[in-house]
Structure formats: C-alpha cells, structure tokens
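Here is what each chain is made of, one letter per residue.
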Amino acid sequence: MEKINYTLIPSPAVCSTLIEVELSGDHVSEVSFTHGCDGNAKAINALVKGMKASEVIERLSGVECKDKGTSCADQLALCLRKAIENRERWKNVAG
C-alpha cells in the first residue's frame, strides 16, 4: 500500500505551528500537531486514524475555533486536501 507523508505550516490564526499527516492509500494512518492544545491534537489523531481522508476532509472542513475563521481541525482538512492533490500530481507526472 502506498504511503505518503505531508507537512503543512498552518494559518497563523491557529495555535499549532506544524501539521504532519501520513496516508496509507486513501486512509489516514497518523496525524501529529506541533504546539496547540495537546489533548485536542491527541483526540483528533485518535478519531481520524483509519478513516478515509475524504471523510475527514468532509467532516472537518470549515470547523472554526472562536472567531478565527479556521481551526486546527480545519487546517488538518486543508493539509489532507493538499496531500491528495500532490499525490495525484505526482501520479500524473510519473504516469
């Protein structure tokens, strides 16, 4: 199964300063947040691990923290979206 790793520097509006994801095929195998709310970051990882990336994107896109217009969860959805786009781009270049 194809594994890819992707790193995103999220919006400065959120507390996390780095989001890293690992995809195994179409499924999320690992998520880690640098800084931010430790408990929430661990909870998000536990909840999304094993889920299809597309489902995580659908569920977390648009989730806001306070009046920031985004959140760590929303930024994770963005990270996954970019990881999938890059994977497709590389497939098109290689194929």
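**Concerning the side chain of Ser-71**
Looking at the element boundaries, Ser-71 is found in the loop between helix H2 (53–60) and helix H3 (72–94). Polar side-chain contacts of Ser-71 include one of 2.7 Å to the backbone oxygen of Val-63. Side-chain polar atoms of Ser-71 contact the backbone nitrogen of Asp-74, separated by 3.0 Å. Apart from the residues lying within four places of it in its own chain, the contact partners of Ser-71 are Val-14, Val-63, Glu-64 and Cys-65.

**Observations concerning the sheet that holds strand E2 (residues 18–24)**
Strand order in the open sheet made by the three strands is E1-E2-E3, with antiparallel pairing throughout. In this open sheet, the two edge strands, each paired with only one partner strand, are strand E1 (3–8) and strand E3 (27–34). For this sheet, the mean inter-axis angle between neighbouring strands, taken without regard to orientation, is 15 degrees. In the sheet, E1 pairs with E2 via six bridges, with the strands oriented antiparallel. By the bridge assignment, Tyr-6 is partnered in E2 with Val-21.

**Thoughts on the pairing of E3**
Relative to E3, E2 runs antiparallel, the two being bridged by seven bridges. Residue pairing across strands places Glu-20 opposite Ser-32, the latter belonging to E3. Between E2 and E3, which pair antiparallel one after the other, the connecting turn spans two residues, and Gly-25 there sits at a positive phi close to 65 degrees.

**Quick word on the environment of Gly-36**
Inspection of the secondary structure puts Gly-36 in the loop between E3 and helix H1 (38–48). Separated by 30 residues in sequence, Gly-36 and Lys-66 have C-alpha atoms that sit 14 Å apart. The residues touching Gly-36, leaving out its near neighbours within four places in the chain, are Cys-15 and Ser-16.

The rules behind each value
- Residues numbered from 1 in each chain as written.
- Predicted model: local features only at pLDDT ≥ 70, side-chain atom pairs only at ≥ 80, totals over all residues.
- Heavy atoms only, no water.
- Helix = DSSP H or I, 4+ residues; strand = E, 2+ residues; numbered from the N terminus.
- Polar contact = N/O pair within 3.5 Å; in protein donor to acceptor, adjacent residues only side chain to side chain.
- Contact = heavy atoms within 4.5 Å.
- Pairing = 2+ DSSP bridges.
- Axes fitted to C-alpha atoms, helices over the stretch in contact; angles between N-to-C directions.

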